[in-house]
Amino acid sequence: NSAMLGYYFGSKDDLLRALICSVTKSLGNWRLLMLRHLMEEYQQESVPLELLVQAYAAPFLTQDHPLARDINVHYRLLGRLFGEPNDSMSEFAQKQEFEPQQAYVQQFMRSAPHVPPEIIVMRFGMMVGALTVIGRRADMLKGLIPQGASRLTEEDFLSLFARDWAAIFVMS
């Protein structure tokens, strides 16, 4: 009912802002919690890149993840933001995701100190883009596997993604 939505949220943009806040907050909080756990576990050592990638990517590549509903809403919001470009809304969404992404980028820099920061930032953006494209659609890729080839489990897929992106982060 559009009258009820108008009463509670005001405009369509206000409704989108509320959705973006809700989804990015739950996803961001989960990611920051996973990062804190890794940092506590490795204390003075650098966190292995593969574990950083896995922690960041897990909500997008795991079907039964506790944030599955929020991830589905996240994808719909991204589609909306890309489908109906609105610079102020896109800027708002980016600001909402900044803290967790900044925390991960900082940890990637600590874990790969020999890689220039601008390269880490660029590769992190590429990884986020890859997650945005594949994410819940990882099953589509499984359909491309030839008959007779071994099938990848969800766990295999997440491990391969983490291993390969960890290698990409340190490429020279």
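What you are looking at is a predicted structure, and each value in this text was computed from that prediction instead of being measured.

Moving on, we get to the packing of aromatic side chains. The final tally for this structure, using the stated rule, is six aromatic pairs. Ring geometry for Phe161 versus Trp165: centroids 6.2 Å apart, planes at 40 degrees, classification tilted. In this pair, Phe161 and Trp165 both sit in helix α8 (residues 154-170), four residues apart, roughly one turn of the helix. A relative accessible area of 7% places Phe161 in the buried class. Three or more aromatic residues link up through ring pairs in this structure, and these residues are Tyr56, Tyr104, Phe108, Phe124, Phe161, Trp165 and Phe169.

Here we come to the pattern of salt bridges. Evaluation of the coordinates by the stated rule reveals two salt bridges. Across the pair Arg69 and Asp70 runs a salt bridge, and its minimum N-O distance is 3.3 Å. Salt-bridge contacts for Arg163 lead to Asp164; the nearest nitrogen and oxygen are separated by 2.8 Å. Accessibility expressed as a relative area gives 44% for Arg163, which makes it partly exposed. What makes Asp164 partly exposed here is its relative accessible area of 37%.

Quick look at helix α6 (residues 117-134) now. With 18 residues, α6 should reach 26 Å at 1.5 Å per residue; the first-to-last C-alpha distance of 26 Å fits that figure. Turning to α6, its buried residues number three or more, namely Ile120, Arg123, Phe124, Met127, Val128, Ala130, Leu131 and Ile134. Along α6, the residues classed as buried sweep out an arc of 155 degrees about the axis, all on the same side. Those residues of α6 that are exposed and aimed more than 90 degrees away from the buried face are Glu118 and Val133.

Secondary-structure assignment places Asn29 in helix α2 (residues 12-42). Taking the C-alpha atoms as reference points, Asn29 and Pro100, separated by 71 residues in sequence, lie 7.6 Å from one another.

This part covers the nonpolar core. Within the largest apolar cluster, 38 residues are counted, with the highest numbers of intra-cluster contacts made by Phe108, Phe124, Met127, Phe161 and Phe169. The biggest single contributor to this core is helix α3 (residues 49-61), with nine residues. Those residues within four positions of Phe169 in sequence are excluded, and the remaining contacts are Leu49, Val53, Phe108, Val115, Ile120, Arg123, Phe124 and Met127. Counting residues in hydrophobic clusters, the runner-up holds eight residues, among them Leu77, Met89, Phe92 and Ala93.

Once that is clear, we can look at the side chain of Asp70. The topology assignment puts Asp70 in helix α4 (residues 68-83). With relative accessibility at 9%, the residue Asp70 sits in the buried group. For Asp70, the side chain forms a polar contact with the side chain of Ser26, separated by 2.4 Å. Of the polar contacts made by the side chain of Asp70, one reaches the side chain of Arg69; its length is 3.3 Å. Sequence-distant contacts of Asp70, that is, excluding residues within four places in its chain, are made with Val23 and Ser26.

Residues of the chain with pLDDT of at least 70 account for 89%, and the chain-wide mean is 82. Of all secondary-structure elements in the chain, the lowest mean pLDDT belongs to helix α7 (residues 138-142), at 63, while α3 reaches the highest, 92.

Parameters at a glance
Residues numbered from 1 in each chain as written. Predicted model: local features only at pLDDT ≥ 70, side-chain atom pairs only at ≥ 80, totals over all residues. Heavy atoms only, no water. Phe/Tyr/Trp six-rings, centres within 6.5 Å; stacked < 30°, edge-to-face > 60°. Helix = DSSP H or I, 4+ residues; strand = E, 2+ residues; numbered from the N terminus. Buried < 20%, exposed > 50% of the residue type's maximum accessible area, 1.4 Å probe, protein only. Salt bridge = Lys/Arg side-chain N within 4 Å of Asp/Glu carboxyl O. Expected span 1.5 Å × (residues − 1). Arc of directions from axis to C-beta. Core = buried A, V, L, I, M, F, W, Y, C linked by side-chain atoms within 4.5 Å. Contact = heavy atoms within 4.5 Å. Polar contact = N/O pair within 3.5 Å; in protein donor to acceptor, adjacent residues only side chain to side chain. pLDDT = per-residue confidence, 0-100.

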